[in-house]
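Here's the letter readout for the chains.
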Amino acid sequence: MAARREILGKLVLVSGSAEFLVQRTVAEWQAELSDQVADADVTHAEAAALDAGALAELTSPSLFAASRGVVIGGIDNLPDDMHGPLVAYAGAPAPDVAMLVLHPGGMKGKALLDRLRGAGVHEIKVEAPKPWKMSAWIAAESRRLGVQIEPAAADLLHRAVGDDIRALAAAVEQLCSDHPGARVDVDLVNRYYEGRAEIKTFDIAERAVAGDAAGALELLRWALGQRVALPLLTAAFAITVRRLIKLAFAPGGLSGGDLAREVGCSPAQLTRLREQTRGWDASGLATALDAVAAADAAVKGGAADPGHAMEHMVLTVTGARVGKPGR
Amino acid sequence: MPPNGQPGVWSGLVGQEPLVEALRPAVGAAQHWLDGRVDAAMTHAWLFTGPPGSGRSTAARSFAGALQCTDGGCGHCAACRQVSAGSHPDVTIVDTAGLTIGVDDVRELVLKAAMTPTVGRWSVILVQDADRLTDQAANAMLKSIEEPAARTLWLLCAPTSDDVMPTIRSRCRQVTLRTPPTRAVAAALESDGVAAALAAFAARASQGHIGRARALARDEQVRNRRREVLALPQRLRDPGDCVRAAHNVHETAKEESEAIAATLEQRELSAHADAWGTGTRGLRARGEPAALAELKRLHKSRRTRLVRDSVDRVLLDLLSAQRDVLRLQSDTHVELVNEEMRAELEGVSHRNRPVRTLRRIEALLGCREAMAANVAPLLALEQAFLRLARA
Ligand SMILES: [Zn+2]
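Please read all numbers here as calculations on a predicted model, not as lab measurements.

**Student:** Whenever I open this one, the overall build of chain B confuses me. Can you help?
**Tutor:** Within chain B, the secondary structure is distributed over 15 helices and five strands. The C-alpha atoms of chain B give 23 Å as radius of gyration, which agrees with the globular expectation for 391 residues (21 Å, within 12%). Dimensions of chain B along its principal axes, counting C-alpha atoms only, are 70 × 60 × 40 Å. Considering only intrachain contacts with a sequence separation of at least 6, the fraction spanning at least 24 residues in chain B is 68%.

**Student:** Would you mind showing me how to read the overall build of chain A here?
**Tutor:** For chain A, the count of helices and strands is 15 helices and seven strands. In terms of C-alpha radius of gyration, chain A reaches 25 Å, well past the compact-globule figure of 20 Å for 327 residues. Based on the C-alpha atoms only, the size of chain A along its principal axes is roughly 75 × 45 × 40 Å. Burial status across chain A gives 42% buried among its 327 residues. Sequence-distant contacts, at least 24 apart, represent 77% of the contacts inside chain A between residues at least 6 apart.

**Student:** Looking at this structure, how should I read the domain arrangement of chain A?
**Tutor:** For an interface, size is often stated in terms of accessible area lost upon the parts coming together. Structurally, chain A comprises domain 1 (10–125), domain 2 (131–192) and domain 3 (198–319). The centre of domain 1 of chain A, based on its C-alpha atoms, is set 46 Å off from the matching centre of domain 3 of chain A.

**Student:** I'm lost on the packing of helix α11 (residues 230–248) of chain A against helix α14 (residues 282–300) of chain A in this one. Help?
**Tutor:** Packed helices, taken two at a time, are described by their axes: the angle between them and the distance between them. Residues and elements named next belong to chain A. Two elements in contact, α11 and α14, have axes separated by 9 Å at closest approach and are oriented at 160°. Here α14 runs roughly antiparallel to α11, going by the angle between their axes. The two elements α11 and α14 meet at a crossing, and its hand is left-handed. In this structure, α11 uses L230, P231, T234, F237, A238, V241, R242, L244, I245 and A248 to contact α14, whose residues at the interface are L285, A288, L289, V292, A295, D296, V299 and K300. Taken together, the residues of the contact of α11 with α14 sort by class into 14 nonpolar, one polar and three charged.

Basis of the calculations
- Residues numbered from 1 in each chain as written.
- Chains lettered and ligands numbered in written order.
- Predicted model: local features only at pLDDT ≥ 70, side-chain atom pairs only at ≥ 80, totals over all residues.
- Helix = DSSP H or I, 4+ residues; strand = E, 2+ residues; numbered from the N terminus.
- Rg over C-alpha atoms; globule rule 2.2 N^0.38 Å.
- Contact = placed C-beta atoms within 7 Å.
- Buried ≥ 20, exposed ≤ 12 C-beta atoms within 10 Å, placed from the backbone.
- Domains from an automatic or database assignment.
- Axes fitted to C-alpha atoms, helices over the stretch in contact; angles between N-to-C directions.
- Parallel < 35°, antiparallel > 145°, perpendicular 65-115°, else oblique.
- Left-handed = near helix turned anticlockwise from the far one by under 90°.
- Nonpolar A, V, L, I, M, F, W, Y, C, P; charged D, E, K, R; others polar.

In structure tokens, the structure reads:
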């Protein structure tokens, strides 16, 4: 947050379910508070147990500090009889108190949210980005840290690290602090994650659906040697085959962003996916996804030789193609 | 006998007359124990097993009531009413609501089990989901079950005896509930004021799961959803249909469990806040963050479980229709679970050969197995629907 803003005498609403982003917002707000007020005292409270007395105590002048911060978590659980007092406070906040109230999103406590918004509180929305928006989110994260990342590189990073935004944010931060001011491209991400087997799970799946059995098996053996978590591998295969099915049998008339949303990918990935659907028919795709589910069961049911189950999956998927190997 | 089953403290049970008859001697023998006479018809530890929705914990609770009551379970004295309301001071009911039961919980129970009853005749520990005891917790319970205090009774409930550690199982006397007959379920619904036709439908469609039968009778949305589910197989024409249908079922399961989980989580988080005093000003107590993290981990595991349960209900509904088709393929005069869809199912039974129906049943059973083995629910559903479409 670059711009310095008034923080004392304000109530700020943080809404959204992405726990990591909420925590980060709270931490940033606290940092800002301590920037503006030396030795500000910050108190955390849970809304579920809040009563009028506690609210009054929280917002009354402190013995130990001139100004202070109050964080109230889970206001979706705020008792009904406390809605009025909190909204009233939002309308006339104490001048030496900075207050942050947290709402985890969803319909519960929606009425309270609307009343707080009506009282004109500043709201920060923190929702986890949808999978098809993840690359854009990674790009924004990088920009925040003063680094440009190419769309393809953001995509690769997403696939390497997965959907966990905490892990993604950490990865972006690491990348940016190691390469300040750089322009991050695919090569850099690849070099960065070399040796990390997770990044290869999608590679293996993509080689398999492209019909490159030898290449997929070679990479698979390497990943097995790196002790890649096998459920990650079956999950990568499931996502890859599922996307092909969704694209190949998408409802008619969808295109661009709508189609990407239906398929569950970013619009930039559609072209590559379209290429991948060549060489597949309905029966082959059904066989492929069936084999992935069977492999997932083998992995989780404690198959005697999970590595063999993975190889079998790769070979069944490549064998289910009708066309000649692509690429 | 009242129309909905057994008199007195047993009135909450549906279609479990044989079980009640089997337990009656134990209630008499318990009186002999109190009079100072040995009687082998009673014992200190019981294991109630039976299919989901058959009323295991209701049975255990009724048994506890019958033992606390000076009149063998009259149903209206203070003891009977308190036990059935869950407020009897000498009946500790462990209600896990989807979480595991850990060793610390059990240590507390063992302490309680060592105490003599305060107002009642027995000190009863009733564990509703003994299948959720961790191994460590089960071990901590062993000694107390094996050498219980003179007036202490352990009542454990689990779907099957295989769900409980063998060492625990061997120390308990097992009683088993049957799947309640359709007629008994329908009668119970009718005595709750449900119209006869709706009661008959809900009883059949629930396949003996009382909670499910009540939901079907009470909630039109539940009935509509079941109808939609049963219409699914006809719409699986290509792999895209299968993947989308799996997605929809999975999303609905997530929404359903979200609604249940959110309520429970709210209650538990408030209880946590109260217990740790985080509602008032001041620093968070030492140990509070760890306890909160543990609670959130349990919440996550419960959500996983709720999603699986919801998907499983869909599979059971789909199975019921395929089994009806199979019945029609061998005998057209048999009563169907989905009687109201008879014309449609007859059509399916004529267009397909039994071997095809069997493959479909196999696909659905395979999906249940896959989910029991922890396969990602979405992937397991996709596989099942692809197999249904290709059967
Ligand atoms: Zn009584």
